[in-house]
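Descriptive analysis of the structure
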Amino acid sequence: MKGLCLTELPLNKVGVIDKILIEGRLAVKLEELGFLVGSSLSVKLITPLNDPLIILLNDSFWALRRETCEKIFVTLETI
Amino acid sequence: MTSVALIGNPNCGKTTVFNYFTRSNQEVGNRAGVTVEKKEGLCTFDKSVKLIDLPGIYSLNPFSLEESVVKNYLIQESPDVIINVLDVTNLKKGLFLTTQLLEFCPRLILVLNMCDELEEGGASRIVARLTETLDAPVIDISAVKGTNMDKIEKLLTDNDFLTPPCERRYVRFLPEDEREISKLPFSRFESIERYVKNPEGRKRITAQRYSYIDGVLAPLPDNKNKKILLTEKLDRIFFNRFTAFPIFFLVLFIIFYLSVQVTGRLFRQGTEAVLLLCKTGAAEFLFSKDVSPILVGLISDGIIAGVGSVLTFLPQIAILFTLITVLEGCGYMARMAVLTDRIFKNIGLSGKALLPLLIGCGCTVPGILSTNALENPKEKEVVLMVTPFVPCSAKLPVFALLGGSFFPENPFIAPSMYIIGILTALFYSFIFNFQESRRAEKDGFFYELPYIRLPPLKSIFTQVIKKLQGFLLRTGTTVFLASVLLWFLSNFDISFHSARSIDTSILASLGRFLAPVFAPLGFGNYQSVSALLAGFFGKETIITALAVILKNPADIAGLLTPGGGYAFMVFILLSSPCIAALSALRRELGTKKLIFLMILQQLTAYFAAFIAFLTLS
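Here is what the cut-offs are and how they apply
- Residues numbered from 1 in each chain as written.
- Chains lettered and ligands numbered in written order.
- Predicted model: local features only at pLDDT ≥ 70, side-chain atom pairs only at ≥ 80, totals over all residues.
- Heavy atoms only, no water.
- Helix = DSSP H or I, 4+ residues; strand = E, 2+ residues; numbered from the N terminus.
- Rg over C-alpha atoms; globule rule 2.2 N^0.38 Å.
- Buried < 20%, exposed > 50% of the residue type's maximum accessible area, 1.4 Å probe, protein only.
- Contact = heavy atoms within 4.5 Å.
- Areas by Shrake-Rupley, 256 points an atom, 1.4 Å probe, with all protein chains shown as cover.
- Patch = residues over 30% accessible without salt bridge, like charges linked within 9 Å, V, L, I, M, F, W, Y side chains within 5 Å.
- Salt bridge = Lys/Arg side-chain N within 4 Å of Asp/Glu carboxyl O.
- Pairing = 2+ DSSP bridges.
- Axes fitted to C-alpha atoms, helices over the stretch in contact; angles between N-to-C directions.
- Parallel < 35°, antiparallel > 145°, perpendicular 65-115°, else oblique.
- Left-handed = near helix turned anticlockwise from the far one by under 90°.
- Nonpolar A, V, L, I, M, F, W, Y, C, P; charged D, E, K, R; others polar.
- Buried area = accessible area lost by both parts, 1.4 Å probe.
- Polar contact = N/O pair within 3.5 Å; in protein donor to acceptor, adjacent residues only side chain to side chain.
- pLDDT = per-residue confidence, 0-100.
- Core = buried A, V, L, I, M, F, W, Y, C linked by side-chain atoms within 4.5 Å.
- Expected span 1.5 Å × (residues − 1).
- Phe/Tyr/Trp six-rings, centres within 6.5 Å; stacked < 30°, edge-to-face > 60°.
- Lys NZ or Arg CZ within 6 Å of the ring centre and 35° of its normal.

A few points about the overall build of chain A
- Of regular secondary structure, chain A possesses two helices and six strands.
- Helices and strands appear in chain A in the N-to-C order β-β-α-β-β-β-α-β.
- At 11 Å, chain A has a C-alpha radius of gyration in line with the 12 Å of a compact globule built from 79 residues.
- For chain A, the spread of C-alpha atoms along the three principal axes comes to 35 × 30 × 20 Å.

What to know about the overall build of chain B
- Each helix and strand counted, chain B has 25 helices and seven strands in total.
- Taken over 617 residues, chain B has a buried fraction of 58%.
- Restricting the contact set of chain B to residue pairs at least 6 apart, pairs at least 24 apart contribute 73%.
- Within the structure as shown, chain B displays about 25,700 Å² of accessible surface, and the carbon and sulfur contribution to it stands at 63%.

Concerning a nonpolar patch on the surface
All names here are of chain B.
- On the surface, Leu250, Phe253, Ile254, Leu258 and Phe412 cluster together into a nonpolar patch covering about 440 Å² of accessible area.
- Along the chain, the position of Ile254 falls in helix H9 (residues 244-288).
- Residue class for Ile254 comes out partly exposed when judged on its relative accessible area of 37%.

Some thoughts on the sheet that holds strand E4 (residues 53-57) of chain A
- Overall, antiparallel pairing links the seven strands, which are arranged E1(A)-E6(A)-E2(A)-E3(A)-E4(A)-E5(A)-E7(B) in an open sheet. At either end of the open sheet lies a strand with only one pairing partner, and these are strand E1 (3-5) of chain A together with strand E7 (446-449) of chain B. Taken over all neighbouring pairs, the strand axes of this sheet differ in orientation by 40° on average, direction set aside.
- Bridge analysis of strand E2 (residues 14-20) of chain A against strand E3 (residues 40-46) of chain A gives three bridges, and the strand direction is antiparallel. When the bridges of E3 of chain A are listed, Val16 of chain A appears paired with Ser40 of chain A.

Points about the packing of helix H23 (residues 562-574) of chain B against helix H25 (residues 591-616) of chain B
All names here are of chain B.
- Two elements in contact, H23 and H25, have axes separated by 8 Å at closest approach and are oriented at 160°. On the basis of their axis angle, the class for H23 and H25 is roughly antiparallel. Of the two possible hands of crossing, H23 and H25 adopt the one that is right-handed. Mapping the contact onto sequence places Gly563, Gly564, Tyr566, Ala567, Val570, Phe571 and Leu574 in H23 and Gln601, Gln602, Thr604, Ala605, Tyr606, Ala608, Ala609, Ala612, Phe613 and Leu616 in H25.
- Along the lines of polarity and charge, the residues of the contact of H23 with H25 split into twelve nonpolar, five polar and no charged.

Some words on the interface of chain A and chain B
- On the chain B side, the residues contacting the 30 residues of chain A number 45 residues.
- When chain A packs against chain B, close to 3,500 Å² is buried across both sides, 59% of that on carbon and sulfur atoms.
- Taken together, the links from chain A to chain B amount to four salt bridges.
- Ionic pairing is found between Asp341 of chain B and Arg65 of chain A, a salt bridge with its closest N-O pair at 2.8 Å.
- Along the contact surface separating chain A from chain B lie 18 residue pairs in polar contact (both at pLDDT 80 or more).

Details of the pattern of salt bridges
- For the coordinates displayed, the defined rule picks out 15 salt bridges over all chains.
- The salt bridge partner of Lys44 of chain A is Glu232 of chain B, with a shortest N-O separation of 3.2 Å. In this pair, Lys44 of chain A is assigned in strand E3 and Glu232 of chain B in helix H8 (residues 226-238), connecting two distinct chains.
- A salt bridge links Arg335 of chain B to Asp235 of chain B, with the shortest nitrogen-to-oxygen separation between them at 2.5 Å. Of this pair, Arg335 of chain B sits in helix H12 (residues 332-339) while Asp235 of chain B sits in helix H8; the two residues are 100 residues apart in sequence, bridging distant segments of the chain. Each member of the pair, Arg335 of chain B together with Asp235 of chain B, is buried.
- One continuous salt-bridge network, built from bridges that share partners, spans Lys44 of chain A together with Glu232 and Arg236 of chain B.

Looking at the confidence of the model for chain B
Residue and element names in this part refer to chain B.
- On average, residues of chain B score 82 in pLDDT, and 88% of them are at 70 or above.
- Between the elements of chain B, mean pLDDT differs from a low of 78, seen in helix H15 (residues 364-369), to a high of 94, seen in H25.
- Within the model, the stretch residues 185-189 combines pLDDT values under 50 with 23 contacts to residues more than four positions away or in other chains.
- Across the whole predicted complex the pTM is 0.78, and at the interface the ipTM reaches 0.93.

Observations regarding the nonpolar core
- The biggest cluster of nonpolar side chains holds 123 residues, and the ones touching the most others in it are Met336, Leu402, Phe523 and Phe568 of chain B.
- When near neighbours in sequence (up to four residues on either side) are disregarded, Leu402 of chain B contacts Phe407, Leu546, Ile556, Phe568, Met569 and Ile572 of chain B.

A closer look at the packing of helix H17 (residues 395-406) of chain B against helix H22 (residues 541-550) of chain B
Residue and element names in this part refer to chain B.
- Relative to each other, H17 and H22 sit at 45°, their axes nearing to 8 Å. The pairing of H17 with H22 is recorded here as oblique in orientation. Counted together, Pro397, Val398, Leu401 and Leu402 of H17 and Ile542, Ile543 and Leu546 of H22 form the full contact between these two elements.
- Classifying every residue of the contact of H17 with H22 by side-chain character gives seven nonpolar, no polar and no charged.

Observations regarding H25 of chain B
Residue and element names in this part refer to chain B.
- Across its 26 residues, H25 extends 37 Å between first and last C-alpha, which sits within 8% of the 38 Å expected from 1.5 Å per residue.
- Buried within H25 are the following residues: Leu594, Leu597, Leu600, Gln601, Thr604, Ala605, Ala609, Ala612 and Phe613.
- If you follow the buried residues of H25, they end up packed against helix H16 (377-386), helix H18 (413-433), H23 and helix H24 (579-589).

So, the environment of Ala136 of chain B
Residues and elements named next belong to chain B.
- Relative to the assigned elements, Ala136 resides in the loop between helix H4 (122-134) and strand E6 (138-140).
- Judged by its relative accessible area of 7%, Ala136 is buried.
- Taking the C-alpha atoms as reference points, Ala136 and Gln601, 465 residues apart in sequence, are found 54 Å from one another.
- Not counting residues up to four positions away in its chain, the partners in contact with Ala136 are Leu102, Leu108 and Thr131.

Details of the packing of aromatic side chains
- Counted under the stated rule, the structure contains 23 aromatic pairs over all chains.
- Grouping aromatic residues by their ring pairs yields a cluster made of Phe518, Phe523, Phe568, Phe571 and Tyr606 of chain B.
- One Lys or Arg, Lys19 of chain A, reaches over the ring of Phe73 of chain A and ends 5.2 Å from the middle of that ring.
- The ring of Tyr526 of chain B carries Arg512 of chain B above its face, with NZ or CZ at 4.8 Å from the centroid.

Some thoughts on H16 of chain B
All names here are of chain B.
- The buried fraction of H16 amounts to eight of the ten residues, a majority that puts the element mostly inside the structure.
- Of the positions making up H16, those classed as buried are Lys378, Glu379, Lys380, Val382, Val383, Leu384, Met385 and Val386.
- Next to the buried residues of H16 lie helix H2 (65-77), helix H14 (354-362), H15, H18, H24 and H25.

What about the sheet that holds strand E2 (residues 39-42) of chain B?
All names here are of chain B.
- One open sheet holds the six strands; their spatial order is E2-E3-E1-E4-E5-E6, and the pairing between them is mixed. Every interior strand has two partners, whereas the edge strands, E2 and E6, have only one. Taking the axes of each pair of neighbouring strands and ignoring which way they run, one obtains an average angle of 25° across the sheet.
- Here six bridges tie strand E4 (residues 81-87) to strand E5 (residues 108-113), and the two strands are oriented parallel to one another. Directly across from Ile83, in E5, lies its bridge partner Ile109.
- Along the sheet face, H2 touches strand E1 (2-8), strand E3 (49-53) and E4 and points at about 150° away from the line of E1.

Shown next as structure tokens:
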């Protein structure tokens, strides 16, 4: 299955994280919030100004900026 | 004294638990960052139990300043017991912090809040599973309804729970090859991840924690959270490209239209009539008792007129506070922050900067305190510098009065002050960030969007009452003292003899001395300048001063042209805030930066008022 960055994941489709290229404090925080390789998430909405994106992960909604989402790579989950 | 710390994710109900046991009315809200400082209170059931309400955190590794508050508290104070509050409808996120706390605090109580939102029997299954796996007491509660709170009370007074020594339990969450970390001499409440320099090792530990949590939650039924479905549906409207900003501006317009225009029109005449009745009634009564005319003047024209003129705006303030509390409680305020993030990003800030500015519309002091939720120190400093430009609720009566006096037919005058204030704040944010415009973005941005829900009426009521109490307290202290001082300054001349008229008073002399400075702005008369000076105590005392000087504050319309009146409003809007806000700013920024800010504000106010006067004249 082809890897996509989070901004390319179709809305409401579930993706599984396979690579995160974020570094520094934000990387640690996102890991602790559950943004880990193997976790499932979906992009629920893109805000009207195209940034940030609303992500659903572990039953919580998170707003992440586009440049952050571009560094999170996922594989589209197929049923 | 047993110290009990309340710890949990943001927005899981810690403050509601705190308020329940201490009978206090600390602010609660449906967004991250409502509690920005630790608050302490003694439990009503046992005065030897001290409860400490801490800001919400996601883990023991601090990212924001409020998370540092929690960590510093835990390391320095080492509480006897930790109550770990979890939102039962979102256990996975909350249990991550639990795994860290379990490692360091042997005496931990897990409190599952919002259990009333689960199906019947759901809570007991979760309690049984967590008790079995986590080896800590687990209690299902509804803090809002007060369900099962007695169980927490019982545990906090149970010597069998409080006295036995306990051991740390961290190794259970560690993968086999990380066990040597347990031998490190780290201090209490430092998370293990902090000592793992290798990012891969750190990730493994985090993943191990989540895998442990998945194991704990696996046997429990996966009920699709109803709140998620509702939130998703509503968010499709709140973030829709065609409806998002119309709703955003409509909400802001409704707040200020209802509080300034509608409530003002409904209550102003009535409250003014009551004030006049009190004033004349008190004067007649005191004269009938043969009280000295000076004392009668002080009471009726000084205290009752001064304090009363501010109190007449109580209904408007109450509506403003209620609407801001509802906005916060339902979760829409957090959405406003996300919606505007792209705009704030252009000026080097994040959408989180909107919250201190919005809260500042209620009162600048909590607006200043709420900047602690901002992760980036540079961003925090910029927001601190610009928050005083946003008009607080104390300025609302001033704008309502002056707007109504100078432009009785125009409902947009008072809202225009909010627009000017916010635009000035954005302008200075851009200027302050100009050289390091990408600095605030360095650490990235993430923000949790809480589930949308109807805020409990009781909670709104208690919070509005608390905020109104604060307003009344200010009126009873600052405004009272300012009224007495202003009455003295307006009734005595510079040789401290009774002034023949207000024109010969100390206040008039002081006002006349400074008036030429303000002549180019269209309000170079001593009455307006004296009122400005009084505004230093608190912006609402401007009305008090006008009431003392002119008898009827609305008579200012006879002294100035509409252009001068508008310039007067602009100057009040942008000049330095009251003493309380300055003192909060000094604590956060330090004296040097505060002096810089005060000079900047005065110059900005002068320049903007000059432009306003020139334009409207």
